[in-house]
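Geometric and topological summary
Letter by letter, the chains look like this.
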Amino acid sequence: MQSLIGFYGIEKTQLVIERSQRLADIIPAPEKDEMGIGHIATVPVERRQGAATMLIDHLSGFACKLDKNKLVLDVEATNQDAINLYLKYGFKKIRLTEPPPECVKIGLTSHWHMQFSL
């Protein structure tokens, strides 16, 4: 919680948590053979230096140790930089999830469900 508040501030952290709870209602949980990844973020000045790739590499290894066959994640459809990173890593776009109207009111947008086979 402290890292979220440090990154976003108190008010935006509350919104992030509310959105996350709503997303959990509309985005399916990972299957038994999948490991889900969520809430990867880097501050703008630290981007494009390999941190996200190293993190995904680490998570891939960890998933294999847990006998998982896939990594899955959901990313905002408008976050093209993140989508490009995941596509470059080898993730595939599986489906686009559109939020219901009550979720749009709190700022949720469409999300791509993406999958990487290990």
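Right above here is the structure, for reference.
First, a word on scope: everything that follows refers to the structure included in this document. (Residues numbered from 1 in each chain as written. Predicted model: local features only at pLDDT ≥ 70, side-chain atom pairs only at ≥ 80, totals over all residues. Heavy atoms only, no water.)

1. So, the sheet that holds strand β2 (residues 70-76)
Using the following cut-off: At least two bridges found by DSSP between two strands is the condition for calling them paired. Strands are runs of DSSP state E lasting at least 2 residues, helices are runs of H or I lasting at least 4, and numbering of each runs from the N terminus. To obtain an axis, a line is fitted to C-alpha atoms, over the contacting stretch when the element is a helix, and the angle between two such axes runs from 0 to 180 degrees between their N-to-C directions.
One open sheet holds the four strands; their spatial order is β1-β2-β4-β3, and the pairing between them is mixed. Across the chains shown, the open sheet's two edge strands, defined by having one partner strand only, are β1 (34-37) and β3 (92-97). Across this sheet, the average inter-strand angle for adjacent strands is 25 degrees, counted without regard to direction.

2. What to know about the pattern of salt bridges
Heads up, the rule is: Definition used for salt bridges: Asp or Glu carboxyl oxygen within 4 Å of a side-chain nitrogen of Lys or Arg. Exposure categories follow from relative accessible area, calculated using a 1.4 Å probe and restricted to protein chains: below 20% of the type maximum is buried, above 50% is exposed, and the middle band is partly exposed.
If you walk through the whole model with that rule in mind, you get two salt bridges. The shortest N-O distance in the salt bridge between D33 and K70 comes to 3.4 Å. Placement of D33 in the loop between α2 (10-26) and β1 and of K70 in strand β2 is noted, with a sequence separation of 37 residues between them. On the basis of relative accessibility, which here comes to 22%, the residue K70 falls in the partly exposed class. Of the charged contacts, one joins R48 and D81 as a salt bridge, the two residues approaching to 3.4 Å between their closest N and O atoms. Residue R48 is located in the loop between β1 and α3 (51-65), and its partner D81 is located in helix α4 (residues 80-89); the two are separated by 33 residues in the primary sequence. For the residue pair R48 and D81, the accessibility class agrees, reading exposed in each case.

3. Some points on α4
Test applied: Taking the helix axis as origin, the arc is that swept by the directions to the C-beta atoms. Residues are treated as being in contact if the distance between any of their heavy atoms lies within 4.5 Å.
Listing the buried residues of α4 in full gives A82, I83 and Y86. The buried residues of α4 all sit within an arc of 100 degrees when viewed along its axis, so they share a single face. Turned more than 90 degrees from where α4 packs its buried face, D81 and K88 sit exposed. Contact partners of the buried residues in α4: α3, β2, β3 and β4 (111-117). One or two positions beyond α4, positive phi appears at G90, with a value near 120 degrees.

4. Quick notes on the packing of α3 against α4
What counts here: Each angle is binned into one of four classes, with values under 35 degrees roughly parallel, values over 145 roughly antiparallel, values of 65 to 115 roughly perpendicular, and all other values oblique. Left-handed describes a crossing whose near helix is turned anticlockwise from the far helix by less than a right angle; the clockwise case is right-handed. When residue character is reported, Ala, Val, Leu, Ile, Met, Phe, Trp, Tyr, Cys and Pro are called nonpolar, Asp, Glu, Lys and Arg charged, and the others, Gly included, polar.
Closest axis-to-axis distance for the α3/α4 pair is 11 Å, and the angle between their directions is 50 degrees. Taken together, the axes of α3 and α4 lie oblique to each other. By crossing handedness, the relation of α3 to α4 is classed as right-handed. Listed contacts from α4 to A52, T53, I56, D57 and S60 of α3 are L85, Y86 and Y89. Residues that form the contact of α3 with α4 fall into these classes: five nonpolar, two polar and one charged.

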